[in-house]
Every structure is written in C-alpha cells, then in structure tokens.
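Examination of the molecular architecture
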There are 2 protein chains.
Amino acid sequence: MRNICIYIAYDGTNYVGWQKQPNHETVQELVENALSIVANESVVLLGSGRTDAGVHARKQVANFFLQTSTTPTEAFIRGTNSLLPQDIRVFEAKEVDQDFHVIRHVKSKVYRYFFSYQKVPDVFQARYTWHVFTPFDVTLMEQASKALLGEHDFACFATHGVVTKSTVRTIFEVTFGKTEAGVDYVEFSGSGFLRHMIRSIMGTLMEIGTGKKNPDVFQKILQSQDRSQAGETAPAQGLFLWDVRYEDL
Amino acid sequence: MRNICIYIAYDGTNYVGWQKQPNHETVQELVENALSIVANESVVLLGSGRTDAGVHARKQVANFFLQTSTTPTEAFIRGTNSLLPQDIRVFEAKEVDQDFHVIRHVKSKVYRYFFSYQKVPDVFQARYTWHVFTPFDVTLMEQASKALLGEHDFACFATHGVVTKSTVRTIFEVTFGKTEAGVDYVEFSGSGFLRHMIRSIMGTLMEIGTGKKNPDVFQKILQSQDRSQAGETAPAQGLFLWDVRYEDL
C-alpha cells in the first residue's frame, strides 16, 4: 500500500466548498474522481480540513492510499490536472510514510484574508477580496488583533451548533500586510480554526477598523463568551487557506 | 448638450469583446444600457477602440453626449455600477469639452501582456495570464523587441483582411516587468495598434524566448512584410488595455 500526499490549489468561486456533499460540485469530489481515473482504482481522498463555499486555497493538503495501483507518483500531478477544470490544480504529489495523517499531524494552519476599501471596487480583485465601502484604520485592527494570540476557547467565534470535542485553539501569529495592488490582508497562523472562526474574527476586526466597535472587544468576547458582541461574518471570497504545515513534510 | 467621458475597467473573460454585436453580450452594450437608465435618455457610447473577446481592460475610455438629461455627472459612476455585473466597473466620469473626441484625440495607448512559465499553472492567474509550458528567456525577448520601436507598417502583424486607411503605427516604448506573484509582462505604448497586432507580436516574442525563432526575426518580418514568418497569435486572456492617454484629460 502506498500513502500519497498531494498539494492542491483552487479558486473556490464556483464550488460549494471542499467537502463532498450530494447534488453539489465540490473540490474533494472532483479531485477524487480524477485521481481514481489516473490510479485506475477507486481512491478516497482525505483533506487537512474543510473550506466553505467560495473560500479559496493556495495550498490545501490531502492524502490517499493506493492498494494495487502502479501509477508513478509524479503522474498524479499532470495526469490529474488534465482531468480537472482550470480552477483546480494539483501542484505536488509525493509518497509519504504509511502512518502520515493529514489531519492529526498538522503542526500549523495558515489563512489569509484579503480586504480593501476603494470608492469603486477593482474588477480584477472582486473574486478574491472583501470590498468594503467604508474606509478603515488598519492600525486599530492590528492593535486589537493582539488579544487573539495564544490559547483561547474560540466557541464564540464559531458557527452556532458546531459539534466538536473541543473549541479551544491556539493562535500563534496574526500579521498584517498589503499586496502590490494595494489590497490589505491579515494572516492568521494557528493550531487549527473552527468553522467560520476567521470570517467571524474578520468581521469583528472590520468593525473595529471602521470605528463601530471598541478595540478591546476581543478581550470582552473571549472573557464573556458572548457571541452577540462579535461582528458580522465576513464574506467567503476574501478568505484563502494559505498553507498547512507538518513536522516532516 | 453635455459631453461625458468615462473610464471603464472590465474582466473580459465572459464577453465577446467591447464592440456591440447582435446576439452576444458585449461590454459596450451593457454599459450603454446602464448609462441610458441612469441618464433617463438613450445614450450612444463611443469607445477609444475595440478589445477582442476575452481581452481585459484596466482602463478603457469612452464618451457619450447627453441631450436633455439632468443626471449629475458623478451619478454615472455609482448609478451605472449598481446596474452592471461585478466584472465591469465605471470608475471615473467627467464632463469634457464639446469637441473632445475619444478616438481622434488619443495621444497614446498602453497595453500589457502577462505571461508565465510554471510546471503547474497558478489557478489565481489563469484568467489573466498566458501560461506557457516551455521555459523562456526574457532577455532574448527584450533584446528582440527593440526592433519594433518607432514608425513601421505593421500590416504583417494584423489580422488578415483588416481594412483600415493606414497600417502604419508608431511604437513609443516596449518595457518588460514582473509582478509580485512572479508573472512576467511586457508593456507596449504606441500611437495605436491594429487588430490582433499585440497578440501576434507576443506570439512571435515567445518563439524568440523559447529559441524557436531567431532574435532578428522582427527586422525580417517588417522588411519583407511576410506574415508567415511571425509566430502564432498569443491567447486573449493575457492581454490588458492598460491605459489610454490624452493631451488634456
């Protein structure tokens, strides 16, 4: 049995997300189907985590086991891509240890959220950026974000009704930057993130940046666990799964 | 009568080009329809030039006359955008002299063509870049491009059967650059460009860059006017109408 790890990039605009679901086109299903053809055996693909409808991935990591296939590992790049639409690409494939686990062995996950204020939205950024109509102060957002660092129970930033063993996560770093095109972004790296957690944090950050909320609101929410103090959930198209890091990959 | 000049940006992916034509969605028609609603009178829009199917515009310039409309000029930005799909945006509107002519008064036009070699194409560049599967030498392309500078009869780089008064054009500058994302581009500024001229030059440049053609091929083509020596026409999605410049705008 071979354990194959692949890196996948996708533009999430046209998909209902990563995770397979009936009657909808998902990235997982399209990649799984393509891999199965290239492998000439039925492949089950496990991703490092879900991404929601419209969320993009610069680097999603996934793995699958081959029972009998003799397809060379390298062929899972070009062969798979020839069967995929141009908004999904496998850009790495390598054989890994039998016991490599794409979820359990994650060391850190990195997400970037892109946001921009312009009087008129840039047509070339529209698919990949949250365009806001009110100017914001990035310095305020940056200061406020420091309260998120470290280990916290982030349940208050997750979708209501999420059932997970624990809602405690650690945020290692929050950094702000700007692209060549003048689009702002914030990068979060952490042990893992709950569903809608980054978009909910981002919505709150924006309300701090536009002066609608006090910069100390993160402390208050994390202490009180009162979700009603958080901002609106920011839209999907600004969010990118940027990187998934492992100890020995 | 008011003469209104507007700047328009569009992602050309979903359109058969700028110029109105029956039974197809064009940028000109969509903008004209939106302007007519905002103006509350029928508007005829004249663009600085056509762009072909799939070609983008960072800045297209167009004008229209208002006979009786009292709509404030500023309203042609937000009002028009509220009626347009998100891949077309009017980002400037101003009243200009009665005799301002959007074609005759052009001082220079600037186009950029984006191209990239990667083993696996970047999904986020696919709509806006010519992805080539062979590595190329930009230095060779840059050297060869110098032969294009100045006034020449460019008929050999235009679509066969183009009927225009003159096929003589002047290229003022050809400059190469690289984006933050590592995508190469070449920028052409000139008095004007014939239909398919830049994509035909670009196709030839790429064959020089990949070693299929000799760097002196431009001199030979321009001297002999032998189109068969030129390369394939490069694909539309890498091309952007980047700027249209006027003496007094």
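Residues numbered from 1 in each chain as written. Chains lettered and ligands numbered in written order. Predicted model: local features only at pLDDT ≥ 70, side-chain atom pairs only at ≥ 80, totals over all residues.

**Looking at the packing of helix α3 (residues 138–145) of chain B against helix α4 (residues 197–209) of chain B**
All names here are of chain B. Taken N-terminus to C-terminus, the directions of α3 and α4 make an angle of 130 degrees; their axes are 8 Å apart at the nearest point. With respect to their mutual orientation, α3 and α4 come out oblique. In this structure, α3 meets α4 at a crossing whose hand is right-handed. Counting all contacts with α3, which are made through Val-138, Leu-140, Met-141, Ala-144 and Ser-145, the residues of α4 involved are Leu-205, Ile-208 and Gly-209. A per-class count over the contact of α3 with α4 returns six nonpolar, two polar and no charged. (Axes fitted to C-alpha atoms, helices over the stretch in contact; angles between N-to-C directions. Helix = DSSP H or I, 4+ residues; strand = E, 2+ residues; numbered from the N terminus. Parallel < 35°, antiparallel > 145°, perpendicular 65-115°, else oblique. Left-handed = near helix turned anticlockwise from the far one by under 90°. Contact = placed C-beta atoms within 7 Å. Nonpolar A, V, L, I, M, F, W, Y, C, P; charged D, E, K, R; others polar.)

**Focus: the domain arrangement of chain A**
Residues and elements named next belong to chain A. Taken as a whole, chain A is organised into domain 1 (2–96) and domain 2 (106–246). The centre of domain 1, based on its C-alpha atoms, is set 27 Å off from the matching centre of domain 2. Taken together, the contact between domain 1 and domain 2 spans 13 residues of the former and eleven residues of the latter. Partitioning the side of domain 1 that touches domain 2 into residue classes produces four nonpolar, six polar and three charged. (Domains from an automatic or database assignment.)

**Observations regarding the interface of chain B and chain A**
Contact residues are listed per partner, giving 18 residues for chain B and 18 residues for chain A. Contributing elements (two or more residues each) for the side of chain B that touches chain A: β1 (2–10), α2 (75–81) and β4 (88–96) of chain B. No other element matches β4(B), which puts three residues into the side of chain B that touches chain A. Counted by class, the side of chain B that touches chain A contains eleven nonpolar, three polar and four charged residues.

**Topic: the pairing of strand β3 (residues 56–66) of chain B**
Residue and element names in this part refer to chain B. Two strands pair when backbone bridges link them, and β1 and β3 are joined in this way by eight bridges, in the antiparallel orientation. Across the sheet, Ile-6 pairs through a bridge with Ala-62, a residue of β3. Pairing geometry for strand β2 (residues 46–47) and β3, over two bridges, is antiparallel. When the bridges of β3 are listed, Gly-47 appears paired with Ala-62. In this structure, β3 lies alongside strand β10 (residues 239–246), joined through two bridges in parallel fashion. Bridging from a neighbouring strand, Ala-57 pairs with Leu-241 of β10. (Pairing = 2+ DSSP bridges.)

**Some details on the relation of the copies chain B and chain A**
Expressed as a screw operation, the relation of chain B to chain A combines 0.0 Å of axial shift with a rotation of 180 degrees, fitting to an RMSD of 0.0 Å. Interpreted geometrically, this transformation is the action of a two-fold axis. In terms of C-alpha distance to the rotation axis, chain B has B:Glu180 as its closest residue, with the C-alpha 3.2 Å off the axis. Interface overlap between copies is the fraction of interface residues in one copy that are interface residues in the other; for chain B against chain A it reaches 100%, indicating a shared surface. (Least-squares fit on C-alpha atoms with pLDDT ≥ 70 in both.)

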